[in-house]
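Commentary on secondary and tertiary structure
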Amino acid sequence: MAYEAELQVAMAATLAAAKLCQKVQAEIPKALEKKDRTPVTIADYGSQALICRAIAAAFPNDAIVGEEDAVALRSAEQADTLVHVAQQVRELVPDAGTQDVLNWIDRGNGTVGDRFWTLDPIDGTKGFLRGEQYAIALALVEAGEIKVGVLGCPNLTEDIETGAGTRGLLFLAVRGKGAQLLPFGSQAARPIRVVDPDDAANLRFVESVESAHGDPARQAAIAKAAGIASPSLRIDSQCKYGAVASGQAALYLRLPSPKTPGYRENIWDHAAGAIVVEEAGGRVTDMFGEPLEWHKGAKMLNNQGVVVSNGPIHDAVISALGI
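The structure presented is a predicted model; accordingly, all values stated were derived computationally and were not measured.

Description of the overall build of the protein
Looking only at helices and strands, the protein has nine helices and twelve strands in total. Taking 323 residues into account, the globule formula puts the C-alpha radius of gyration at 20 Å, and the protein, at 19 Å, falls close to it. Each principal axis of the C-alpha distribution contributes one length, and for the protein these read about 55 × 45 × 40 Å. Per-residue burial over the protein gives 56% buried out of 323 residues. Considering only residue pairs separated by 6 or more positions, the protein has 70% of its internal contacts joining residues 24 or more positions apart. Both charge centroids of the protein, one from 30 positive and one from 40 negative side chains, sit 3 Å from each other.

Listed below in structure tokens is the structure:
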């Protein structure tokens, strides 16, 4: 299968990063959850180091456009943080030196080109700190199109609403080959599809826990106008893409907040989730119905807002936006 090597490397790297993130999250003192971002910083850096190391070893000519860099980590003020990051990485790569870790992190400072990877080592910082949902998002872009996407959701369960089923899920997609769901620890992935319009129980809206990450009132009104009557699911991070791709929600909207109307999205916040939803049969566009542009830069300057749906309701949503 085309891109099989890329998929396997991305899966292994994401699982390694998830293992590091799970350990760091489990050690967050309750008193620090909302006051101190140090634990998530350690996990961000460690996750990026592990993934960049794996991509660089397998595909040395591929650029990586990641969220983090090691500039601050190289400063004297961050010396203790660097020690902790290196310790976490060494639990998975025993011979990793401190300079190796810094270089791997900075491997994520690549630029958008004909072929590159996007990486968000931890998407959903506040969810991570609360001990709830976050995602590790990795995608390969080639000739302006996402070709491979791996979305690691360490705390997500197969039944998102009830929490039942295996905890820890990988959402996988290769362009033209469909989307799959692989529980952590399993060798057997299963195909996933978006929700059917007749499935009233799962014809619902999924939105962020954090109200500042969009325009909640307008988003709820649009969902209602598109025919969605069920209560919404509230989930941090790109796990929302997983909910749509696996047929547990029909719509995810990320509209500009009234406080930041000119905001433009980062490619690493959407690329992995977008291909998973599209390969599961859904649609992903901006709020004007235009395709998202992955090849112009780290920010999608020509797109505004994001609309993610099961497909059949997509045009109704764009129409309801009234733009």
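What follows continues from the structure just given.
Comments concerning the UniProt feature "binding site: Mg(2+)" (unreviewed entry) in the protein
According to UniProt, the feature "binding site: Mg(2+)" (unreviewed entry) maps to Glu67, Asp120, Ile122, Asp123 and Asp269 in the numbering used here. Sequence-wise these annotated residues cover 203 residues; spatially they are packed, their C-alpha atoms never more than 9.8 Å apart. Contact partners of Ile122, with chain neighbours within four places excluded, come to Cys21, Val40, Ala43, Asp44, Glu67, Phe128, Tyr134 and Ala135. Within the secondary structure, Asp123 sits in strand β2 (residues 115–123). A residue is classified by how much of its surface remains accessible, and Asp123, at 10% relative accessible area, is buried.

Describing the domain arrangement of the protein
Here the protein is described as being made up of domain 1 (4–191) and domain 2 (204–321). On a C-alpha basis, the centres of domain 1 and domain 2 stand 22 Å from each other. Between domain 1 and domain 2, the contact holds 43 residues from the first and 31 residues from the second. A buried area of about 2,700 Å², summed over both sides, lies between domain 1 and domain 2, and 67% of it is on carbon and sulfur atoms. Counting the contacts that link domain 1 with domain 2 gives four salt bridges. Taking the shortest distance from any N to any O, the salt bridge between Arg175 and Glu279 comes out at 3.6 Å. Looking at the side of domain 1 that touches domain 2, the elements that each hand over two or more residues are β1 (63–66), β2, α5 (125–129), β3 (135–142), β4 (145–157) and β5 (167–174). For the side of domain 1 that touches domain 2, the element with the highest residue contribution is β4, accounting for eight residues.

Overview of the sheet that holds strand β9 (residues 233–234)
Backbone-to-backbone hydrogen bonds join strands into a sheet, with any given pair of strands oriented parallel or antiparallel. Strand order in this open sheet of five strands is β9-β8-β10-β12-β11, and the pairing throughout is mixed. Edge positions in the sheet fall to β9 and β11 (283–285), since each has one partner strand and no second. Examined bridge by bridge, strand β10 (residues 251–254) and strand β12 (residues 306–309) share four bridges and lie antiparallel to one another. Bridge pairing links Arg254 to Val306 in β12.

Quick notes on the pairing of β12
Residue alternation in β12 divides its side chains into two sets, Val306 and Val308 and Val307 and Ser309, and both sets are buried. Looking at chain direction, β11 and β12 are connected through three bridges and run antiparallel. Residue pairing for β12: Val284 is matched across the bridge by Val308.

Examining the environment of Ile28
Locating Ile28 in the fold gives a position in the loop between α1 (4–26) and α2 (38–58). By relative accessible area, Ile28 is classed as buried at 10%. For the pair Ile28 and Phe128, spaced 100 residues apart in sequence, the C-alpha separation works out to 9.6 Å.

Looking at the environment of Gly176
Counting through the fold element by element, Gly176 comes out in the loop between β5 and β6 (179–183). Residues Gly176 and Glu279, spaced 103 residues apart in sequence, show a C-alpha to C-alpha distance of 6.9 Å.

Remarks on the packing of aromatic side chains
Going through the model one piece at a time under the given rule, you end up with three aromatic pairs. Ring geometry for Phe128 and Tyr134: centres 4.9 Å apart, planes at 80°, overall edge-to-face. This pair shows no difference in class: Phe128 is buried, exactly as Tyr134 is. Over the ring of Phe59 we find Arg115, and its NZ or CZ is 5.5 Å from the ring centre.

Procedures and definitions
- Residues numbered from 1 in each chain as written.
- Predicted model: local features only at pLDDT ≥ 70, side-chain atom pairs only at ≥ 80, totals over all residues.
- Heavy atoms only, no water.
- Helix = DSSP H or I, 4+ residues; strand = E, 2+ residues; numbered from the N terminus.
- Rg over C-alpha atoms; globule rule 2.2 N^0.38 Å.
- Buried < 20%, exposed > 50% of the residue type's maximum accessible area, 1.4 Å probe, protein only.
- Contact = heavy atoms within 4.5 Å.
- Lys, Arg positive; Asp, Glu negative; His and termini not counted.
- Charge placed at Lys NZ, Arg CZ, Asp CG, Glu CD.
- UniProt positions renumbered as here; feature names shortened; annotations may be inferred.
- Domains from an automatic or database assignment.
- Buried area = accessible area lost by both parts, 1.4 Å probe.
- Salt bridge = Lys/Arg side-chain N within 4 Å of Asp/Glu carboxyl O.
- Pairing = 2+ DSSP bridges.
- Phe/Tyr/Trp six-rings, centres within 6.5 Å; stacked < 30°, edge-to-face > 60°.
- Lys NZ or Arg CZ within 6 Å of the ring centre and 35° of its normal.

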